[in-house]
Amino acid sequence: MSSVVYGQPQNHSLSGGETGPLVRVAQTDLPPGEVVLVFTKKAGEVYDTDIVPVGQDGKIQFKTAHEQLRFVADPAQLGPYPTGGRINAMAVRVSHVPLNNLKSGIFLPRSAQ
């Protein structure tokens, strides 16, 4: 089971005309105020991460360096190489989840843009 991120990401311009990370949006079934960790694996044990709150509308806005993502529920599916043109990503609810049981917080967003 997976959730795919398509659509047009937003590029944010940094000083000096550099392009920053892409901002993506995903719809969740989580209540507002929950905190979500979104991450992708780079190489070895290095990860790109973003920690974001769930908005009033149930959406999360997160930053990523990748144009196309696919959310997966199995950590073994994370890797630095595209699968079908998409990088696998994971979303984990971290608020109200015991640190010794973070795996229980893994979820797939309902939809993503």
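This report concerns the structure included in the present document. (Residues numbered from 1 in each chain as written. Predicted model: local features only at pLDDT ≥ 70, side-chain atom pairs only at ≥ 80, totals over all residues. Heavy atoms only, no water.)

## A word on unusual backbone geometry
At step 1: The backbone of His 96 sits at a positive phi, close to 65 degrees, despite the residue not being glycine.
At step 2: Examined against the element boundaries, His 96 turns out to sit in the loop between β8 (87-93) and β9 (106-107). (Helix = DSSP H or I, 4+ residues; strand = E, 2+ residues; numbered from the N terminus.)

## Examining the pattern of salt bridges
At step 1: Going through the model one piece at a time under the given rule, you end up with 3 salt bridges.
At step 2: Across the salt bridge formed by Arg 110 and Asp 29, the nearest N and O atoms sit 3.0 Å from each other. In this pair, Arg 110 is assigned in the loop between β9 and β10 (111-112) and Asp 29 in the loop between β3 (19-27) and β4 (35-41), connecting sequence segments 81 residues apart. Across the pair, exposure class does not vary: Arg 110 and Asp 29 are exposed alike.
At step 3: Note that Glu 34 and Arg 93 form a salt bridge whose closest N and O atoms lie 3.7 Å from each other. Of this pair, Glu 34 sits in the loop between β3 and β4 while Arg 93 sits in strand β8; the two residues are 59 residues apart in sequence, bridging distant segments of the chain.
At step 4: For Glu 34, a relative accessible area of 12% puts it in the buried group. (Salt bridge = Lys/Arg side-chain N within 4 Å of Asp/Glu carboxyl O. Buried < 20%, exposed > 50% of the residue type's maximum accessible area, 1.4 Å probe, protein only.)

## Some thoughts on the nonpolar core
Across soluble globular proteins, nonpolar side chains have a tendency to be buried as a group.
At step 1: Val 36, Val 38, Ile 60, Phe 62 and Phe 71 are the most contacted members of the largest nonpolar core, which has 14 residues in total.
At step 2: Elements supplying a minimum of two residues to this core: β4, β6 (59-64), β7 (69-72) and β8.
At step 3: If one sorts the elements of this core by residue count, β8 sits on top with 3 residues.
At step 4: Residues within four places of Val 36 in sequence aside, it is in contact with Leu 30, Asp 50, Ile 51, Val 52, Val 54, Ile 60, Ala 91, Val 92, Arg 93, Val 94 and Phe 107.
At step 5: Among the nonpolar cores identified, the runner-up in size contains 7 residues, and Leu 37, Val 72, Leu 78 and Ile 106 belong to it. (Core = buried A, V, L, I, M, F, W, Y, C linked by side-chain atoms within 4.5 Å. Contact = heavy atoms within 4.5 Å.)

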